[in-house]
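Each chain, written out:
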Amino acid sequence: MKRERVKPDLVIYNSLLACVAEEGLPLEAWAVVDDMLAMGVPPDRQSYHHILHASRWSPLEATWETLERMSQEGVPPNEQTYALVIKRIVSTEGIELALQLMHEMADRGLTPDLTTTQEVVKLAANLHFPRLAIDIAQNFETYSIRRIDGETWLSCLISSAELLYRAMGAYKAFRDYASKPDIETFNHLLQGCINANHRELGNKLLLDMKQAGVRPNALTYERVILLCLTQATYEDAFFYLEEMKAQKFVPPLRVYEAIIRTCVTAGDSRYALALTELGQCGYTPSKDLRRHVATHKPSSQGGSP
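So, here's what we can say about the structure. Please read these numbers as outputs of a predicted model, since none were measured by experiment.

The subject of this paragraph is the state of the cysteines. Inspection of the entire model under this criterion finds zero disulfides. Here cysteine 156 stays free of any disulfide, with the sulfur of cysteine 193 as its closest cysteine sulfur at 17 Å. Exposure remark for cysteine 156: the relative accessible area of 2% places this residue in the buried category. Free of any disulfide, cysteine 228 has its nearest neighbouring cysteine sulfur in cysteine 193, separated by 11 Å. Cysteine 228 gets classed as buried once you look at its relative accessible area, which sits at 1%.

Its identity as a non-glycine residue notwithstanding, glutamate 93 has a phi of 60 degrees, on the positive side. Tracing the chain through its elements places glutamate 93 in the loop between helix H5 (79–91) and helix H6 (95–107). Phi is positive for asparagine 197, close to 55 degrees, though the residue is something other than glycine. Within the secondary structure, asparagine 197 is located in the loop between helix H10 (183–196) and helix H11 (199–212).

The next subject is the packing of aromatic side chains. Scanning the entire structure with this criterion turns up three aromatic pairs. Pairing tyrosine 221 with phenylalanine 249 gives two aromatic rings, centres 6.0 Å apart and planes at 45 degrees, and the pair type is tilted. Here tyrosine 221 is found in helix H12 (residues 218–228), whereas its partner phenylalanine 249 is found in the loop between helix H13 (236–246) and helix H14 (253–266), with 28 residues between them in sequence. For phenylalanine 249, a relative accessible area of 25% corresponds to the partly exposed category. Look at tyrosine 234 and phenylalanine 238: their rings are 6.3 Å apart centre to centre, the planes differ by 45 degrees, and that puts the pair in the tilted class. A relative accessible area of 16% places phenylalanine 238 in the buried class. Positioned above the aromatic ring of phenylalanine 238, the side-chain terminus of arginine 270 is 4.1 Å from the ring centre. Between the NZ or CZ atom of arginine 291 and the centre of the ring of tyrosine 143, over which it lies, the distance is 4.0 Å.

In this section: the pattern of salt bridges. Summed over all chains, the structure comprises 13 salt bridges. Taking the shortest distance from any N to any O, the salt bridge between lysine 122 and glutamate 151 comes out at 3.5 Å. Here lysine 122 is found in helix H7 (residues 114–126), whereas its partner glutamate 151 is found in helix H9 (residues 150–172), with 29 residues between them in sequence. Relative accessible area serves as the criterion here: at 24%, lysine 122 is assigned to the partly exposed category. For glutamate 151, a relative accessible area of 54% puts it in the exposed group. One salt bridge in this structure joins glutamate 235 and arginine 270, with 2.9 Å as the shortest N-O distance. Residue glutamate 235 is found in the loop between H12 and H13, and its partner arginine 270 is found in the loop between H14 and helix H15 (271–280); the two are separated by 35 residues along the sequence. Residue classification places glutamate 235 among the partly exposed residues on the basis of a relative accessible area of 34%.

Running from N to C, H10 and H12 point in directions that differ by 15 degrees, and their axes come no closer than 9 Å. Considering their axes alone, H10 and H12 lie roughly parallel with respect to each other. Like other packed secondary-structure pairs, H10 and H12 cross with a definite hand, here left-handed. Seen from H10, the contacting residues are Ile183, Asn187, His188, Leu190, Gln191, Cys193 and Ile194; seen from H12, they are Leu219, Thr220, Arg223, Val224, Leu226 and Leu227.

With 37 residues, the main nonpolar core has Ile225, Leu229, Ile259 and Ile260 as its most contacted residues. The set of elements that each furnish at least two residues to this core consists of H9, H10, H11, H12, H13, H14, H15 and helix H16 (287–296). Ranked by residues supplied to this core, first place goes to H14 with seven residues. The next biggest cluster of nonpolar side chains, apart from the first, holds 26 residues, and it includes Leu52, Met105, Ala125 and Ile134.

Attention now goes to H5. Given 3.6 residues to a turn, an α-helix orients residues that are three or four positions apart in the same direction. When the terminal C-alpha atoms of H5 are compared, their 18 Å separation across 13 residues agrees well with the 18 Å that a helix rising 1.5 Å per residue should span. Looking at H5, one finds that the buried residues are Thr81, Tyr82, Ala83, Val85, Ile86, Arg88, Ile89 and Val90. Buried residues along H5 sit in contact with helix H3 (45–54), helix H4 (60–72), H6 and H7. A side-chain oxygen of the first residue of H5 lies 3.1 Å from the backbone nitrogen of glutamine 80; this N-cap is asparagine 78. With its phi angle positive at about 60 degrees, glutamate 93 sits one or two positions after the end of H5.

Basis of the calculations
- Residues numbered from 1 in each chain as written.
- Predicted model: local features only at pLDDT ≥ 70, side-chain atom pairs only at ≥ 80, totals over all residues.
- Heavy atoms only, no water.
- Disulfide = S-S within 2.5 Å.
- Buried < 20%, exposed > 50% of the residue type's maximum accessible area, 1.4 Å probe, protein only.
- Helix = DSSP H or I, 4+ residues; strand = E, 2+ residues; numbered from the N terminus.
- Phe/Tyr/Trp six-rings, centres within 6.5 Å; stacked < 30°, edge-to-face > 60°.
- Lys NZ or Arg CZ within 6 Å of the ring centre and 35° of its normal.
- Salt bridge = Lys/Arg side-chain N within 4 Å of Asp/Glu carboxyl O.
- Axes fitted to C-alpha atoms, helices over the stretch in contact; angles between N-to-C directions.
- Parallel < 35°, antiparallel > 145°, perpendicular 65-115°, else oblique.
- Left-handed = near helix turned anticlockwise from the far one by under 90°.
- Contact = heavy atoms within 4.5 Å.
- Core = buried A, V, L, I, M, F, W, Y, C linked by side-chain atoms within 4.5 Å.
- Expected span 1.5 Å × (residues − 1).
- Polar contact = N/O pair within 3.5 Å; in protein donor to acceptor, adjacent residues only side chain to side chain.

So far we have only geometry, and geometry alone does not tell us how the molecule works.
Dropping the structure here:
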């Protein structure tokens, strides 16, 4: 083209970058960009996306260098940019960094796509963080019309089951060593029940606590309430909330937000009462909770499920 004095345009260069990126050749991709600049054709966001794709097998520093170059050239990242970067991070099992990038997206008013979210959920589950995996998945489905697929939810279930199985094995071993579980043990097990949505096992643990003479503390009530809210019928959550207050424990913000979210989603107007109590405790509802209420607010005629 150049010999014929035909100047390549942005479309031609991006097509070249796409071919180079598919082969995973970052050095060649940057050579194309250098030629673009020499010809007076500035790279656009898609050009940098091809470079990110070309660098997928390179050290992570190559990704940061590309993002830095984008920033220097005044090219802001979008959802696809973050999808490429998070995919690269997931391949290194960098769950904390992936979460930071998702938080950064939210600050920019961007929403991760379904594929990106599912990759992060599976990573959290595979690293044995089932509660984190479930929270990410549920948060995505709260604000998106798209649904997390069955395979991803299955990874959450398997992770929860494995964690709970190990915890229950340790719990049963107390008897073999003539030892007794304390309140911290029971609280850890209740968290496992929450992760696995296992209300029946939670009830058994509460009975074991009573028989062992172990008094519940504020964290126990918090986890029992959250466990109740994992079920389709969650009336007991209100019972334990009242019992918690009767024991002079102040319910934490997390409890009120979980109750409000559940009630709003179920069309249960008691969310308004919980919202009032939240304020009376001196808490301020989070921005996400306010948005959830505004989006799913039930009519005043709603009741218990």
